[in-house]
Amino acid sequence: MKERANKTIRSLPYLSPGTDARAEAEAVAALVAAGRTLPEIADEKKVSLATARRFLTNLDLAKRVEAEEFDALWKPGAKQITVHRVAARPAR
């Protein structure tokens, strides 16, 4: 889960290895690594720019989970953990 500054929660999916979603995210990451821009990729794949960004964000999360980065946060029986909290921006 990601907790926004206003305390609302966004669920972040885990892209399991071998799934279609994981393969799609890895394909997008490979295109970015090859120098393609996200707007180009979004247009080619017929998805929004936000969706193209989510492919990369979700892949990054999956790799961090697999690297056991969040193991200390998980407690037996937990169905979700908060992996990111967004701090409120100071007033201007």
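See the structure shown above.
This write-up is about the structure you can find in this document.

How each quantity is defined
- Residues numbered from 1 in each chain as written.
- Predicted model: local features only at pLDDT ≥ 70, side-chain atom pairs only at ≥ 80, totals over all residues.
- Heavy atoms only, no water.
- Helix = DSSP H or I, 4+ residues; strand = E, 2+ residues; numbered from the N terminus.
- Buried < 20%, exposed > 50% of the residue type's maximum accessible area, 1.4 Å probe, protein only.
- Contact = heavy atoms within 4.5 Å.
- Pairing = 2+ DSSP bridges.

1. Here we look at the side chain of N58
Then comes step 1: When you line up the elements, N58 lands in helix α3 (residues 49–66).
Then comes step 2: With a relative accessible area of 10%, N58 lands in the buried category.
Then comes step 3: The contact partners of N58, leaving out residues within four places of it in the chain, are L12, P13 and L15.

2. Things to note about the sheet that holds strand β3 (residues 84–85)
Then comes step 1: Strand order in the open sheet made by the 3 strands is β2-β1-β3, with mixed pairing throughout. Two strands close off the open sheet at either side, each with one partner strand: β2 (9–10) and β3.
Then comes step 2: Inspection of the sheet shows strand β1 (residues 2–3) paired to β3 by 2 bridges, in the parallel sense. The residue of β3 that forms the bridge with E3 is R85.

Function-wise, these values are silent; they only describe arrangement.
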